Amino acid sequence: MILTVTPNVALDITYRVDQLTPGASHRVQEVKERAGGKGINVARVLHALGHDTMILGFIGHATAATVTTDLARGGLAHELIPVEGPTRRSIAVVDSSNGEATLFNEPGPRVPPTRWEDLEAMLTARLPEATALVISGSLPPGTSDDACARLVRLAAPHRVTVLVDTVGEALLQAAAAGAGIVKANSSELLDTTGLYDVTAGATALRRRGAEAVVASLGEAGMTAFTPGGSWRAAPPTRIVGNPTGSGDAATAALIAGAVVGAPWPDRLRDAVALSAAAVIQPTAGSFDMNHYRGFIPRIVVEEHHAPGLDR
């Protein structure tokens, strides 16, 4: 079973409009609403690929029923800890004229330290049956920067691969705690490390203690820096659609590859293919299976030299 922790669960709302014009009124063509947050999106993709998953995290009282009903409808096993306040909303406005999405992400409810301790206890009870752990997404307001690192350390005795996808000090501390894979997009990586390029940022995170670093390069694909070498992969063509959740699909592919011990070039190829197939779908946490299978043989993975990463 792959455990996914979503510290900041969301209610994802997607609006589709003809054309997004700042300052104007818009008639919404279509509205989609579903439980979200990065870890939940990862679990949806893994579930669709046939993996057993368990979603852990926090949920605001006010909209708990909407979120849990949607998870149950999707067949997604979950244990969510209630906290005061509403579950945050993540709103994506998709411009049909160009496929671009504009995002509005609320901060979410505060999680008291005692509730975070409850999550740690819940995770500890689940880890003996786990094959991998994903900790993904933003932290709720007021959460300690070492929160993700504490979860990484809890998993260490169980020898499961831990992937952390977050930003800032929380990502730095997760790397220092020895996360197996840390993941971020290129801008997040540079902002987090304060360095000038992706290779330098990855070097810094691996020197802190992360085993491997994966950076998303947007339309240019993804790059991975690992103990066995560094690789880069890109989609075969420009993909038009809603990129919200594409990074979560890539995370699902990376952790699924880790579970079966796939070579890193294969993991990266799979991650780029699944990410591209997710862009085609209108909502986060979904992907087009036919496009996913079709993309895989068309993606070229190239090895590249990344100075300073050998250790």
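A short tour of the structure in this document, coming up. Here, residues in each chain are numbered from 1, in the same order as that chain's written sequence. Thresholds applied to this predicted model are a pLDDT of at least 70 for local features of residues and 80 or more for the giving and counting of side-chain atom pairs; totals over whole chains, interfaces and linings are not thresholded and use all residues. Values reported for side chains reflect all heavy atoms of the structure, with hydrogen atoms and water molecules removed beforehand.

This part covers the packing of helix α8 (residues 246-259) against helix α9 (residues 264-280). Interaxial angle, 0 to 180 degrees, is taken between N-to-C directions of lines fitted to C-alpha atoms, where a helix line uses only the stretch in contact. For the purposes of this entry, the term helix denotes a DSSP run of H or I that reaches at least four residues, the term strand denotes a run of E that reaches at least two, and both are numbered from the N terminus. Taken N-terminus to C-terminus, the directions of α8 and α9 make an angle of 150 degrees; their axes are 7 Å apart at the nearest point. When the axes of α8 and α9 are compared, the pair comes out roughly antiparallel. Considering how the two elements wind past one another, α8 and α9 form a crossing that is right-handed. Here Ser 246, Gly 247, Ala 249, Ala 250, Ala 253, Leu 254, Gly 257 and Ala 258 of α8 lie close against α9, whose contacting residues are Trp 264, Arg 267, Asp 270, Ala 271, Leu 274, Ser 275, Ala 278 and Val 279. Side-chain classes follow a simple rule in which Ala, Val, Leu, Ile, Met, Phe, Trp, Tyr, Cys and Pro form the nonpolar group, Asp, Glu, Lys and Arg form the charged group, and the remainder, Gly included, forms the polar group. Looking at the contact of α8 with α9 residue by residue, the class counts come to ten nonpolar, four polar and two charged. In this scheme, roughly parallel covers angles under 35 degrees and roughly antiparallel covers those over 145, while 65 to 115 is roughly perpendicular and the rest are oblique. With the far helix as reference, a near helix turned anticlockwise by less than a right angle produces a left-handed crossing, and one turned clockwise produces a right-handed crossing. The contact rule is simple, with two residues in contact once any of their heavy atoms fall within 4.5 Å.

Read from one edge of the open sheet, ten strands run β5-β4-β1-β8-β9-β10-β11-β12-β13-β14, paired in mixed fashion. In the strand order of this sheet, the two ends are held by β5 (78-83) and β14 (301-303), each with one partner. Within the sheet, the average angular offset between the axes of one strand and its neighbour, ignoring direction, is 15 degrees. Sheet topology note: the strand β4 (residues 53-60)/β5 ladder contains six bridges and is parallel. Bridged to Phe 58 within β5 is Ile 81. Relative to strand β10 (residues 181-185), helix α6 (residues 186-193) is tilted by about 110 degrees, and along the sheet it contacts β10 and β11 (212-216). Relative to the sheet, α9 contacts β10, β11, β12 (222-226), β13 (229-233) and β14, its axis offset from that of β12 by approximately 155 degrees. Note: two strands are recorded as paired if DSSP finds a minimum of 2 bridges between them.

What makes a nonpolar core is a set of buried Ala, Val, Leu, Ile, Met, Phe, Trp, Tyr and Cys residues whose side-chain atoms join them at distances within 4.5 Å. Throughout, exposure labels follow a simple rule: accessible area from a 1.4 Å probe, protein chains only, divided by the maximum for the residue type, with under 20% read as buried, over 50% as exposed, and the rest as partly exposed. By size, the foremost hydrophobic cluster in this structure holds 41 residues, and its most contacted members are Trp 116, Leu 133, Ile 135, Val 162, Val 164, Val 182 and Leu 205. Ignoring any residue separated from it by four or fewer positions in sequence, one finds Val 164 in contact with Ile 135, Cys 148, Val 152, Leu 171, Ala 174, Ala 179, Ile 181, Val 182 and Lys 183. Listed in part, the 35 residues of the second largest apolar core include Val 42, Val 45, Ala 278 and Ile 299.

Structurally, Pro 141 can be placed in the loop between β8 (132-136) and α4 (147-155). Assessed through its relative accessible area of 22%, Pro 141 is described here as partly exposed. Considering only alpha carbons, one finds Pro 141 and Ala 177, 36 residues apart in sequence, at a separation of 22 Å. What Pro 141 contacts, discounting residues up to four positions off in sequence, is Pro 107, Gly 108, Pro 109, Arg 110 and Val 111.

A few words now on the side chain of Arg 44. Tracing the chain through its elements places Arg 44 in helix α1 (residues 38-48). At a separation of 3.0 Å, a polar atom in the side chain of Arg 44 contacts the main-chain carbonyl oxygen of Ala 35. Side chain to side chain, Arg 44 and Asp 70 meet in a polar contact 2.4 Å long. Polar contacts here mean pairs of N or O atoms no more than 3.5 Å apart (in protein, one a potential hydrogen donor and the other a potential acceptor; neighbouring residues in sequence count only if both atoms are side-chain atoms).

Further remarks concern the pattern of salt bridges. Definition used for salt bridges: Asp or Glu carboxyl oxygen within 4 Å of a side-chain nitrogen of Lys or Arg. Enumeration according to the criterion identifies 14 salt bridges in this entry. Here Asp 165 and Lys 38 are joined by a salt bridge, their closest N and O atoms 3.5 Å apart. You can see Asp 165 sitting in strand β9 (residues 161-165) and its partner Lys 38 sitting in helix α1, a full 127 residues away along the chain. Since its relative accessible area comes to 3%, Asp 165 is described here as buried. Here Asp 118 makes a salt bridge to Arg 115, at a shortest N to O gap of 2.4 Å. On the criterion of helical spacing, the pair formed by Asp 118 and Arg 115 is a turn pair, its members being three residues apart in helix α3 (residues 113-126).

Here we come to the sheet that holds strand β2 (residues 10-17). In sheet architecture, strand pairing relies on hydrogen bonds along the backbone and comes in two forms, parallel and antiparallel. Pairing in this open sheet of four strands is mixed, and the strands run β3-β2-β6-β7 from one edge to the other. Unpaired on one side and paired on the other, β3 (30-36) and β7 (101-105) mark the two borders of the sheet. Averaged over all pairs of adjacent strands, the angle between their axes in this sheet comes to 15 degrees, without regard to strand direction. Direction of pairing for β2 relative to strand β6 (residues 88-95): parallel, over a ladder of eight bridges. Within β6, the residue paired with Arg 16 across the bridge is Val 94.

In this section: unusual backbone geometry. Even without glycine at this site, Arg 159 takes up a positive phi of about 55 degrees. Note that Arg 159 resides in the loop between α4 and β9.

Let us now look at the pairing of β7. Put simply, side chains in a regular strand alternate between the two faces of the sheet. Here β6 pairs with β7 via five bridges, running antiparallel. Each residue of the ladder has a partner; that of Val 93, found in β7, is Thr 102. Where β6 hands over to β7, the hairpin turn is made up of five residues, of which Gly 99 adopts a positive phi near 80 degrees.

Geometry only, nothing functional implied.
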